[in-house]
Amino acid sequence: MSRIGRLPVVIPAGVEVKLADGNVLTVKGPKGTLERALPTEMEIKVEDGHIVVARPNDLKKMKSLHGLTRSLIQNMVIGVNEGYTKTLEVNGVGYKAQKQGKKLVLNLGYSHPVEMEDPEGLESKVEGNKIIVSGINKEKVGQFAAEIRDKRRPEPYKGKGIKYSDEVIRRKVGKTGKK
């Protein structure tokens, strides 16, 4: 059995789950509503405060889908109940981030400012040198945070660039002079 797939997903109070034909799951909570078409091979049952995922057989593909399906459901339930956040840090002389309405404006040492529009359902805030991306969809939050980070990745010599707040940059020693 899949160690993750066999665990039931607990539905907290205030979260409503509906399962439609074709394994389309709708999760409604205090933060919003998420809808997703899950793999049709999996058997999903909503019963007394739990969601249980079962697989039809032990083929490798089914084993993979079992854990994945359960994780996707868990992420949807947590998302509508608590939401997700990713924190990024902007490091470097003259590097800064600021909000202008729904736009995130980044000055990253290029000849022009980099402007990024907040995607649908996501919100970004700037506090000092930190950028906080929040939303109910874990996938979208992670993707937008990765796109922001890609505008100027951290470099190993001075540590300049945009990094995740929990990311550790392995530093390198610079050039040494001739003797």
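From a predicted model like this one, the values you see are computed outputs, not experimental measurements.

Observations concerning the overall build of the protein
Broken down by element type, the protein carries two helices and 13 strands. Its C-alpha atoms give the protein a radius of gyration of 21 Å, clearly above 16 Å, the size a compact globule of 179 residues would have. In terms of overall dimensions, the protein has C-alpha extents of about 70 × 45 × 25 Å along its principal axes. For the protein, the proportion of its 179 residues judged to be buried stands at 35%. Long-range contacts, defined here as pairs at least 24 residues apart, represent 51% of the contacts in the protein between residues at least 6 apart. About 11200 Å² of surface is accessible on the protein, with carbon and sulfur atoms providing 49% of the total. For the protein, the centre of its 34 positive side-chain charges and the centre of its 22 negative side-chain charges are spaced 11 Å apart.

As for the sheet that holds strand β1 (residues 9-10)
By way of backbone hydrogen bonds, the strands of a sheet pair with one another, either parallel or antiparallel. With respect to topology, three strands assemble into an open sheet ordered β1-β6-β5, the strand pairing being antiparallel. Here the strands that pair on one side only, and so sit at the sheet edges, are β1 and β5 (43-47). Examined bridge by bridge, β5 and strand β6 (residues 50-54) share five bridges and lie antiparallel to one another. Residue pairing in the sheet places Lys 45 in a bridge with Val 52 of β6.

Considerations on the sheet that holds strand β3 (residues 24-29)
Across the sheet, which stays open at both edges, the three strands sit in the order β2-β3-β4 with antiparallel pairing between neighbours. Both edges of this open sheet fall to β2 (16-20) and β4 (32-37), since each of them pairs with a single strand only. Neighbour-to-neighbour, the strand axes of this sheet turn through a mean angle of 15 degrees, independent of strand direction.

Remarks on the environment of Ala 97
If you trace the backbone, Ala 97 turns up in strand β8 (residues 96-100). Here Ala 97 falls in the buried class, since its relative accessible area comes to 12%. Between the alpha carbons of Ala 97 and Glu 127 there is a distance of 8.9 Å; along the sequence they are 30 residues apart. If near-sequence neighbours (up to four positions away) are discounted, Ala 97 is found in contact with Val 90, Val 105, Leu 106, Val 126 and Ile 131.

A look at the environment of Ile 4
Tracing the backbone through its elements, the reader meets Ile 4 in the segment before β1. Owing to a relative accessible area of 45%, Ile 4 belongs among the partly exposed residues under this scheme. The sequence separation of Ile 4 and Arg 70 amounts to 66 residues, and the corresponding C-alpha distance is 7.2 Å. Look past the residues within four positions of Ile 4 in its chain and what remains in contact with it is Gly 67, Arg 70 and Ser 71.

Some details on helix α2 (residues 138-150)
Under the 1.5 Å per step criterion, the end-to-end length of α2 is 18 Å for 13 residues, consistent within 8% with the ideal 18 Å. What α2 keeps buried is the set Val 141, Phe 144, Ala 145, Ile 148 and Arg 149. Along the axis of α2, the buried residues cluster in a sector spanning 140 degrees; they form a single face. Those residues of α2 hidden inside the fold are in contact with β7 (84-91), β9 (103-107), β10 (114-117), β11 (122-127), β12 (130-135) and β13 (161-164). Of the residues flanking the start of α2, the one acting as N-cap is Asn 137, its side-chain oxygen 3.1 Å from the backbone nitrogen of Glu 139.

What about the pairing of β6?
Of the two faces of β6, the one lined by Ile 51 and Val 53 is fully buried and the one lined by His 50, Val 52 and Ala 54 carries no buried residue. One ladder, built from two bridges, connects β1 with β6; its direction is antiparallel. Opposite Val 9, over in β6, you have Ile 51 as the bridge partner.

Notes on the nonpolar core
Soluble globular proteins tend to pack their nonpolar side chains together in the buried interior. Membership of the largest hydrophobic core comes to 20 residues, with the highest contact counts inside it found for Val 17, Leu 25, Val 27, Ile 51 and Ile 73. Elements with a contribution of two residues or more to this core: β3, β6 and α1 (60-81). Sorting elements by how many residues they give to this core places α1 first, with seven residues. Beyond its immediate stretch of four places on either side in the chain, Val 27 contacts Val 15, Glu 16, Val 17, Gly 32, Thr 33, Leu 34, Met 76, Val 77 and Val 80.

The rules behind each value
- Residues numbered from 1 in each chain as written.
- Predicted model: local features only at pLDDT ≥ 70, side-chain atom pairs only at ≥ 80, totals over all residues.
- Heavy atoms only, no water.
- Helix = DSSP H or I, 4+ residues; strand = E, 2+ residues; numbered from the N terminus.
- Rg over C-alpha atoms; globule rule 2.2 N^0.38 Å.
- Buried < 20%, exposed > 50% of the residue type's maximum accessible area, 1.4 Å probe, protein only.
- Contact = heavy atoms within 4.5 Å.
- Areas by Shrake-Rupley, 256 points an atom, 1.4 Å probe, with all protein chains shown as cover.
- Lys, Arg positive; Asp, Glu negative; His and termini not counted.
- Charge placed at Lys NZ, Arg CZ, Asp CG, Glu CD.
- Pairing = 2+ DSSP bridges.
- Axes fitted to C-alpha atoms, helices over the stretch in contact; angles between N-to-C directions.
- Expected span 1.5 Å × (residues − 1).
- Arc of directions from axis to C-beta.
- Polar contact = N/O pair within 3.5 Å; in protein donor to acceptor, adjacent residues only side chain to side chain.
- Core = buried A, V, L, I, M, F, W, Y, C linked by side-chain atoms within 4.5 Å.

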